[in-house]
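Residues per chain, in single letters:
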Amino acid sequence: MTMLSALIPSPAADAAHDAAHETAARFQQGGYSVPCPECHVPAGALCLARRNMHAARRAQYRRNPKTTGLVPLLVGRTR
């Protein structure tokens, strides 16, 4: 995200950062696929720390990663 904030003005970089975390949480991807052991939020919820994911949650995900695939909205159906 450091490259993004160097190229885009601060309010836009902040919005992009928040949107990336909200999207990952909504579709339970990455660290958001496991509950947080520090703030005790369930899987698919943002941590109570603003704009951050607790290190314990990332470590828990890395011990047992779940692959959820692509974000459903980005995958189109072909007929």
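Fair warning: this is a prediction, and the values are worked out from it, not measured in the lab.

Caption draft 1: Quick peek at the overall build of the protein. Secondary structure summary: the protein contains three helices and zero strands in total. Along the chain direction, N to C, the helices and strands of the protein fall in the order α-α-α. The 79 residues of the protein split such that 22% are buried. Carbon and sulfur atoms provide 58% of the accessible area of the protein, an area that totals close to 5800 Å².

Caption draft 2: Examining the confidence of the model for the protein more closely. Mean pLDDT over the protein works out to 76, with 70% of the residues at or above the 70 mark. Within the protein, the lowest mean pLDDT, 57, falls on helix 1 (residues 2-7), and the highest, 88, falls on helix 3 (residues 55-63).

Caption draft 3: A look at helix 2 (residues 10-26). With 17 residues, helix 2 ought to run about 24 Å at 1.5 Å a step, and its terminal C-alpha atoms sit 24 Å apart, in line with that. Every buried residue of helix 2 is listed here: A13, H17, A24 and A25. Take helix 2 and look down its axis: the buried residues cluster within an arc of 110°, on one side only. Exposed residues pointing more than 90 degrees away from the buried face of helix 2 are listed as P11 and R26.

What counts and how
- Residues numbered from 1 in each chain as written.
- Predicted model: local features only at pLDDT ≥ 70, side-chain atom pairs only at ≥ 80, totals over all residues.
- Heavy atoms only, no water.
- Helix = DSSP H or I, 4+ residues; strand = E, 2+ residues; numbered from the N terminus.
- Buried < 20%, exposed > 50% of the residue type's maximum accessible area, 1.4 Å probe, protein only.
- Areas by Shrake-Rupley, 256 points an atom, 1.4 Å probe, with all protein chains shown as cover.
- pLDDT = per-residue confidence, 0-100.
- Expected span 1.5 Å × (residues − 1).
- Arc of directions from axis to C-beta.

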